[in-house]
Amino acid sequence: MSYEQALFLYPIIAGLVFSSTAQKAAAEEPLVFISAFAPGDKGAIHAFKLNPETGELKLVQRTTDVEHPFFLAVSPDNKYLYSIHAPGKFGGKENESVAAYELLGRTGKLKLLNRQSSLGTASCYLDIDKSGKAVVVANYSSGSVASLPVKEDGSLGEASSFIQHKGSSVNPARQKEPHAHSIVISPDQKFVYAADLGLDKVLAYALDPKTAKLSESLQPFVRTLPGAGPRHLTFHPNGKHLYVINELKNSISEFDYDLKTGTLIERQTISTVPEDFEGTSHTADLKITPDGRFLYGTNRGHDSIAAYRIDDQGQLTLLGIEPSLGKGPQNLAITADGKFLLCANMPGNNVVVFRIGKKTGGLTPVGEPVSMPSPSCIMIR
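Okay, so let's go over this structure.

Criteria and cut-off values
- Within any chain, residue numbers begin from 1 and follow the written order of that chain's sequence.
- In keeping with the predicted nature of the model, local features appear solely for residues at pLDDT of at least 70, side-chain atom pairs appear and are counted solely at 80 or more, and the whole-chain, interface and lining totals rest on all residues.
- Based on all heavy atoms of the structure, the side-chain values leave hydrogens and waters out of the count.
- Only DSSP runs of H or I reaching four residues or more are called helices, and only runs of E reaching two or more are called strands; each is numbered from the N terminus.
- To qualify as a nonpolar core, a set must consist of buried Ala, Val, Leu, Ile, Met, Phe, Trp, Tyr and Cys residues joined through side-chain atoms within 4.5 Å.
- Each residue's exposure class comes from its accessible area (1.4 Å probe, protein chains only) as a fraction of the maximum for that residue type: buried when under 20%, exposed when over 50%, partly exposed otherwise.
- The contact criterion used is simple: two residues touch if any of their non-hydrogen atoms lie within 4.5 Å.
- Here a strand pair is declared whenever DSSP counts at least two bridges between the two strands.
- Simply put, an axis is a line fit to the C-alpha atoms, just over the touching stretch for a helix, and the angle between two N-to-C directions goes from 0 to 180 degrees.
- By disulfide we mean two sulfur atoms from cysteines, separated by a distance within 2.5 Å.

1. Observations concerning unusual backbone geometry
Working step 1: Positive phi values are uncommon outside glycine, yet Gln189 reaches one of about 65°.
Working step 2: Inspection of the secondary structure assignment puts Gln189 in the loop between β12 (180–185) and β13 (191–196).
Working step 3: Backbone geometry places Ser374, a non-glycine residue, at a positive phi of 45°.
Working step 4: With respect to the helices and strands, Ser374 occurs in the loop between β27 (363–371) and β28 (375–380).

2. A word on the nonpolar core
Working step 1: Counting residues in each nonpolar core, the largest one holds 67 residues, and the members touching the most others are Phe33, Leu81, Tyr82, Leu126 and Tyr193.
Working step 2: Non-local contacts of Tyr193, meaning those with residues more than four positions away in its chain, are made with Ser182, Ile183, Val184, Ser186, Val202, Leu203, Ala204, Leu233, Phe235, Tyr257, Gly262 and Leu264.

3. Brief notes about the sheet that holds strand β21 (residues 294–300)
Working step 1: Taken together, the 4 strands give an open sheet; going across it, the order is β20-β21-β22-β23, and neighbouring strands pair in antiparallel fashion. Of all the strands in the sheet, just β20 (282–288) and β23 (316–323) have a single pairing partner and so form its edges. Ignoring which end each strand starts from, the neighbouring axes of this sheet average 20° apart.
Working step 2: Where β20 meets β21, 5 bridges bridge the pair, whose relative direction is antiparallel.

4. Some thoughts on the state of the cysteines
Working step 1: Under the criterion given, the structure shown has 0 disulfides.
Working step 2: Residue Cys377 stays outside any disulfide, its sulfur separated by 11 Å from that of Cys124, the closest cysteine.
Working step 3: Of the residues examined, Cys377 reaches a relative accessible area of 0% and is grouped as buried.

What follows is the structure, given as C-alpha cells:
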C-alpha cells in the first residue's frame, strides 16, 4: 500500500472503528423506562440511557400518548412494552386499559400498537411470560385479575381470562373488599400468583401460555398474617422461593415454592422498619439482585430502603435500612449486572441511583437524584 493510499483509507478505517466502538458503547448502555403517574400530557413514559460505569441517567425520549401509566412490562425479546393506560381518573368507574407499544430499536421511542381493556379499575401491575405470548394484569380497586394474549405483531388480543376476587379481612379501613395489588408469573411459567391486599392472600392460578388462559391450581391460595396486606411479590432467581412484601404491616414474608405442584409454604416474616419506629409507613416494592444474594424493600413514610442478605435456604437477615433520598419510595429496579439499584420516589418526584456493594450489599447513592414527575415504575432493558 502506497503512502497516498494509506492517507486515503485512514479516515475511512478510523471512522469505521469509531462507529463500531460507539455502537458497542451504545449497545452496552441499558435502556431505562420510567413511568410518570399523572393524567393528561403530564402522564408519560420516560426513556433514559444508563451509563454502565457511573450510573448516570440521561433522558433520550418521552412518550406522552398514555395517561396514568402506573406499571410497565417489557417483552423478553425487548421488542415490545406494555403499560397501564387510565385516561381521566385512575381507579374511577370506567375500566382501564393495557397499551401495547413497539420499541423502535434502542432509541427509547415507542410506537403505539393498540389498547385492550384490563376489565378492572386502578390497574396497577403487569407481567409477561417468557414466551412473550401472555400478559397478566392486576386491578386494585375492582379486586380482579385478567390475562391477555399477545399477537404475532406484539399487539394485544381481548382478555382470555378474568377472575374476580371475593372476600375481606381484618382491617376495616383497607380490607373491606378484595384489592389485587400485583400479579407475577412463576419462573417455570406454570403458575401465576396474585397478592391481594384486601384479602390477606396470595392467590394461585395455573397458566397456559399458548392461550394466555388462567385456571384453578392445586393450592388456590395461601394466607398471610391477618392485616398484613400483601402488596408485591417476587421470585428468587433459583426459582425455589417466593417473597411477598406486606404493605400494612411493614414486613416481608418468605415462602418455599414447590416446583412440581406450585404450592407455597411460609417460612419467615421479617420487619422492614426499625424496631423503635413509631410513625406511619407502608411498604411498596421489593427486588432481588441477579445473583440471588441480596433483597431490597421500600418503606413509604419511613422513606427508606431495607436491605437483606439471603442465605442458602432463602431466609433473610437484615443488613441495614438506608434513606431513599426522596419521599414515598414506590418502585425499585436492579441492573442485569447487579451493580446499580434504581429507586422511584413517586411523591418526591425523583429517581435515585444507588451503587450496590458487591460483597456487602450496601447502598451508596450515585450522583444527584433525577427529577421527574411522579415516577411509579422502572423497567431496565
